[in-house]
Amino acid sequence: RRRMSGISSTGTAGFLQASAWARSGRGGLAIIGTLLALLLLAAIVAAAIGAAGIPVSRLPAALGFVPGGDAATLERDQLVLWSVRLPRIAVTIIIGALLAASGAIMQGLFRNPLADPALVGVSSGGALGAATVIVLGDRLLTGSGMTLPFQLLPVAAFAGALVTTFILHRLATRENRTSIAVFLLGGIALGALANAGIGILVFVADDRQLRDVTFWLLGSLGGATWEKAAILAPFLVALLAASPFIARGLDLLVLGEAEAFHMGVEVERLKRWSIVLVAALPGAAVAFAGVVGFVGIIVPHLLRIVIGPGHRRLLPASACLGAILLVCADTFARTIAAPAEIPIGVLTALVGAPFFLAILLRQRSAIGL
């Protein structure tokens, strides 16, 4: 028993030392560097795997780093890589980063580890905005002979996510205090209302519109292009630029809004900017990939265990790990049932729902269950 106790205490001390190192400045940078390396590895694997496989040994030539061998093979590899694989990987990386970081921001804003844009209806609100444009906008433009502008979908998804987030914040906040129970229940109610609106649009849609709306509901990264990646890139830049300015405020907000205000945080401005980010980031993701749930709850929760709750490290680390998770999920989705593709929203729900239940069981005393 004495020997086992010594081993146990030694293991506990080692774990605490490793956790302290991970939460330190150098440890956090090392973890972010490791995540970037893993993201590069996941991107290489995703580029090589697919219906038209490209061996890793041929990737340097297809990317133009080294001279190629057979001209016909090189032309085929470059066509597949630059027209299909790389745009899809770029879009997947950006969307995974946006979803995970928006989850981390929402959890810090509401001081609730169960918060997630898809779980509380924000993504459903964005999907409702996009579905409204697809069905009603398409019908309004059909008579005039015009086609629906593709750029209108991100705007509509952003507007839907912004309205949903604003209503949720107003419902959950009273006298400068946020109720976790009202937050969760209000999010479920808003998500149900958004899904009911989507159901009505599905009922009145024609076959083509129905296929497009189903895309939003199940989530898919098919049809990714460099144009879509270019439209999404500013959202990622905005996230990286805003993270240092909101990180300290989100850290202090854990103590309470009054305490954060007395420590120099402009709470109302912080909440406004955070709400805009929480609406814009998943809104853009929904516009291009549909509803992809649970990424925003899995990634920040795992990282808080490893690197701590400090948002200066948590936000960029969440973006990196979210990108890794979605690249791996997308690679699995398009290869497990090839040539068909499993909707990526289905895969993330299969992984995320049990994870959420585990978190809920740990937090049930905090929400009164």
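Residues numbered from 1 in each chain as written. Predicted model: local features only at pLDDT ≥ 70, side-chain atom pairs only at ≥ 80, totals over all residues. Heavy atoms only, no water.

Caption draft 1: Expanded view of the overall build of the protein chain. Across its full length, the protein chain holds 14 helices and two strands. Burial status across the protein chain gives 48% buried among its 369 residues. The contacts of the protein chain with a sequence gap of at least 6 include a subset with a gap of at least 24, amounting to 75%. Just so you have it, the protein chain exposes about 18,100 Å², and 69% of that area is on carbon and sulfur atoms. (Helix = DSSP H or I, 4+ residues; strand = E, 2+ residues; numbered from the N terminus. Buried < 20%, exposed > 50% of the residue type's maximum accessible area, 1.4 Å probe, protein only. Contact = heavy atoms within 4.5 Å. Areas by Shrake-Rupley, 256 points an atom, 1.4 Å probe, with all protein chains shown as cover.)

Caption draft 2: Geometry of helix 8 (residues 207-218). Here helix 8 spans 17 Å end to end across twelve residues, near enough to the 16 Å set by a 1.5 Å rise per residue. Those residues of helix 8 that sit buried are Gln209, Val213 and Trp216. End-on view of helix 8: buried residues confined to an arc of 50°, all on one side of the axis. Counted as exposed and oriented over 90 degrees from the buried face of helix 8: Asp207 and Arg211. Among the residues of helix 8, the N-terminal cap falls to aspartate 206, whose side-chain oxygen and the backbone nitrogen of arginine 208 are separated by 3.3 Å. Positive phi shows up at glycine 219, right after helix 8, with a value of about 80°. (Expected span 1.5 Å × (residues − 1). Arc of directions from axis to C-beta. Polar contact = N/O pair within 3.5 Å; in protein donor to acceptor, adjacent residues only side chain to side chain.)

Caption draft 3: Representation of the pattern of salt bridges. For the coordinates displayed, the defined rule picks out seven salt bridges. Note that aspartate 77 and arginine 58 form a salt bridge whose closest N and O atoms lie 2.6 Å from each other. Taken together, the positions of aspartate 77 in helix 4 (residues 71-110) and arginine 58 in the loop between helix 2 (25-48) and helix 3 (59-62) put the pair 19 residues apart, joining distant regions of the chain. Arginine 58 sits in the partly exposed class, given a relative accessible area of 29%. (Salt bridge = Lys/Arg side-chain N within 4 Å of Asp/Glu carboxyl O.)

Caption draft 4: Region of interest: a nonpolar patch on the surface. Together, Val163, Phe166, Ile167, Leu171 and Val182 make up a nonpolar patch on the protein surface, roughly 430 Å² of accessible area in all. If you tally residues by element for the nonpolar patch, the top one is helix 6 (residues 152-172), at four residues. Here phenylalanine 166 is to be found in helix 6. (Patch = residues over 30% accessible without salt bridge, like charges linked within 9 Å, V, L, I, M, F, W, Y side chains within 5 Å.)

Caption draft 5: Summary view of the packing of helix 4 against helix 13 (residues 311-335). Their axes nearest at 7 Å, the elements helix 4 and helix 13 cross at an angle of 135°. In terms of orientation, helix 4 lies oblique with respect to helix 13. Our pair here, helix 4 against helix 13, has a crossing hand that is right-handed. Taking contact as the criterion, the partners of Arg85, Arg88, Thr92, Ile93, Ile95, Gly96, Ala97, Ala100, Ala101, Ala104, Ile105 and Gly108 in helix 4 are, on helix 13, His311, Leu314, Leu315, Ser318, Ala319, Gly322, Ala323, Leu326, Val327, Asp330 and Arg334. Among the residues forming the contact of helix 4 with helix 13, the class breakdown is 13 nonpolar, six polar and four charged. (Axes fitted to C-alpha atoms, helices over the stretch in contact; angles between N-to-C directions. Parallel < 35°, antiparallel > 145°, perpendicular 65-115°, else oblique. Left-handed = near helix turned anticlockwise from the far one by under 90°. Nonpolar A, V, L, I, M, F, W, Y, C, P; charged D, E, K, R; others polar.)

Caption draft 6: The arrangement of the side chain of serine 124 in detail. When you line up the elements, serine 124 lands in helix 5 (residues 122-142). Excluding residues within four positions of it along the chain, serine 124 makes contact with Gly191, Ala194, Asn195 and Ile198.

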